[in-house]
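Report on the structure
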Amino acid sequence: MQLDIVIPCFNEEAVLNEIILRVKKILEELKGRKLIDGYNIIFVDDGSDDGTFEILKKFSQKDKSVKTISLSRNFGHQAALTAGLKFSKGDAVITLDADLQDPPELIDTMLQRFNEGFEIVYGVRDDREQDTFFKRTSATCFYKLMLWFGVKIIPHHAEYRLVSRKVLEAFKQYGEVNIFIRGIFPFIGFKSCKINYKRDIRFAGKTKYPLKAMLKFGFEGITSFSVVPLRIASVVGAFVCFITLIASAWGFLAYFTDNTIPGWTSTVLPIYFLGGVQLIFLGLLGEYIGKIFLEVKKRPRYIVKNVLSENDKNNNNFFDSHDKNDKS
Ligand code: UDP
Ligand code: MG
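Residues numbered from 1 in each chain as written. Chains lettered and ligands numbered in written order. Predicted model: local features only at pLDDT ≥ 70, side-chain atom pairs only at ≥ 80, totals over all residues. Heavy atoms only, no water.

Across its full length, the protein holds ten helices and seven strands. Over its C-alpha trace the protein gives a radius of gyration of 26 Å, far above what one expects of a compact globule, namely 20 Å for 328 residues. If one aligns the C-alpha atoms of the protein with their principal axes, the spans along those axes are about 90 × 55 × 35 Å. Burial statistics for the protein: of 328 residues in total, 45% are counted as buried. When contacts within the protein are restricted to residue pairs at least 6 apart in sequence, those whose partners lie at least 24 apart make up 81%. Accessible surface for the protein amounts to roughly 18,200 Å². Of this, 61% is attributable to carbon and sulfur atoms. (Helix = DSSP H or I, 4+ residues; strand = E, 2+ residues; numbered from the N terminus. Rg over C-alpha atoms; globule rule 2.2 N^0.38 Å. Buried < 20%, exposed > 50% of the residue type's maximum accessible area, 1.4 Å probe, protein only. Contact = heavy atoms within 4.5 Å. Areas by Shrake-Rupley, 256 points an atom, 1.4 Å probe, with all protein chains shown as cover.)

Below, the discussion takes up the packing of helix H3 (residues 77–87) against helix H7 (residues 181–188). Interhelical geometry of H3 versus H7 gives an angle of 50° and a closest axis separation of 10 Å. In terms of orientation, H3 lies oblique with respect to H7. Residues Gln78, Leu81, Thr82 and Leu85 of H3 form the contact with H7, whose own contacting residues are Ile181, Arg182 and Phe185. (Axes fitted to C-alpha atoms, helices over the stretch in contact; angles between N-to-C directions. Parallel < 35°, antiparallel > 145°, perpendicular 65-115°, else oblique.)

This brings us to the packing of aromatic side chains. Taken as a whole and assessed by the stated rule, the structure comprises 13 aromatic pairs. Relative to Phe225, the ring of Phe187 has its centre 5.6 Å away and its plane inclined at 75°; by these criteria the two rings are edge-to-face. A residue pair is termed long-range when its members are at least 10 positions apart, and Phe187 in helix H7 and Phe225 in helix H8 (residues 211–225) qualify at 38 residues. Using a relative accessible area of 13% as the deciding quantity, one classes Phe225 as buried. With 5.3 Å between their ring centres and 80° between their planes, Tyr255 and Phe256 make a pair best called edge-to-face. Residue Tyr255 shares its accessibility class with Phe256, and that shared class is exposed. Every member of this aromatic cluster is reached through a ring pair, and the members are Phe142, Tyr143, Tyr174, Phe180, Phe187, Tyr209, Phe217 and Phe225. Across the ring face of Phe75, the terminal group of Arg73 is positioned such that the distance to the ring centre comes to 3.9 Å. (Phe/Tyr/Trp six-rings, centres within 6.5 Å; stacked < 30°, edge-to-face > 60°. Lys NZ or Arg CZ within 6 Å of the ring centre and 35° of its normal.)

Another aspect to go through is the sheet that holds strand E5 (residues 120–127). Read from one edge to the other, the open sheet built from seven strands follows the order E3-E2-E1-E4-E6-E5-E7, with strand pairing classed as mixed. Of all strands in the sheet, those with a lone pairing partner are strand E3 (66–70) and strand E7 (192–198), marking the two edges. Each strand of the sheet is rotated relative to its neighbour by a mean of 20°, with strand direction disregarded. Examined bridge by bridge, E5 and E7 share seven bridges and lie parallel to one another. Within E7, the residue paired with Asp127 across the bridge is Lys198. (Pairing = 2+ DSSP bridges.)

Turning to the environment of Val277, a few remarks are in order. Mapping Val277 onto the fold places it in helix H10 (residues 264–296). As a C-alpha pair, Val277 and Gln78 span 199 residues in sequence and 40 Å in three-dimensional space.

This part is about the nonpolar core. With 38 residues, the main nonpolar core has Leu3, Ile5, Ile7, Ile19, Leu27, Phe43 and Ile107 as its most contacted residues. Broken down by secondary-structure element, the contributors of at least two residues to this core are strand E1 (2–9), helix H1 (16–32), strand E2 (38–45), helix H2 (52–62), strand E4 (92–95), helix H4 (107–115), strand E6 (157–164) and E7. Ranked by the residues each element gives to this core, the list is headed by H1, at seven residues. Those residues in contact with Ile5 that sit more than four places away from it in its chain are Val23, Leu27, Asn40, Ile41, Ile42, Ile94, Leu96 and Ile107. Judged by nonpolar contacts, the second largest core, of 36 residues, contains Ile42, Val93, Ile153 and Ile181. (Core = buried A, V, L, I, M, F, W, Y, C linked by side-chain atoms within 4.5 Å.)

This brings us to a nonpolar patch on the surface. On the surface, Leu230, Leu282, Leu285 and Ile289 cluster together into a nonpolar patch covering about 360 Å² of accessible area. In terms of residues, the nonpolar patch owes the most to one element, H10, which gives three residues. (Patch = residues over 30% accessible without salt bridge, like charges linked within 9 Å, V, L, I, M, F, W, Y side chains within 5 Å. Salt bridge = Lys/Arg side-chain N within 4 Å of Asp/Glu carboxyl O.)

A word on the coordination of the magnesium ion (ligand 2). Taken together, Asp99 (OD) and Gln101 (OE1) make up the protein donors of the magnesium ion (ligand 2), found 1.9 to 2.0 Å from the metal. Of the two residues, Asp99 and Gln101, neither departs from the other in class, the shared state being buried. (Donors = N, O, S within 2.8 Å, 3.2 Å for Na, K, Ca; no water.)

Following this line, the structure appears as structure tokens:
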């Protein structure tokens, strides 16, 4: 059993020594307990302009379990994670932030769950006391909105998770460029579980997600997984048309009760009605654009979990190179 750890880094020189120390200690201990046969710690240097690469280079040279992938520029957290995940050849892989906000000590529990048969183990931050009030509240609202828009997101789960090789192979089938990783894994399926943890404060350095980046990331998440915003135009349009009907009835009644405002019915009602009709058709256009949007992503239409067939043992091409590790 080979366990890989993927850690994206963008200007994290101040935390690297500590994270390597802590992660290695745990992995060596797991190896000692024969829970794993080997491991790799895969760092992805996401175009850092501080000493991150030099430090990682030094570690990679003296320790063959430390690997460094260096990106040509800063591509962002999600791209860096994708690069690390695609590089991994492990039977299970854990992604983890470099700043030690996600306690590496949880790796042990994640591995236990994996050994119990869970293909995805989600780390969920149930205690965000260390985050600012703003970050905590905005995150809660964001997850609520996502769920309301029909996205299968796991509230307060960020990128700290373990996935099995099977799940990783499924993930590789998602070729979209604007990737929102924490939305993809629940979308993939497979047997999963959550483990809760307390989010620590950043060990050192500054957050790479200031408000602007956070808003961009949230918007990315919604628009990557939901076409509901496009549908809103139709709903608003239908509502406006309905109100116009009521206003027309009122105008009709006012005509007979001699209570009319001259020119109101003929000016105001058509404006509202036509506005409503336009919104309905805008929403209809949105439906087609939504379809195009979903088609161009070329997401897999299904992911096979298992094939149970007498003579299919050697004929399963879905995860061919990993069948030998199939626990089922
Ligand atoms: N990160 C990255 N590329 C970026 C931004 C961030 O690789 O463009 C990494 C960063 O080094 C860290 C992780 O993504 O390991 C999460 O970033 P951060 O801790 O700053 O986010 P926060 O926890 O403040 O939301
Ligand atoms: Mg952080």
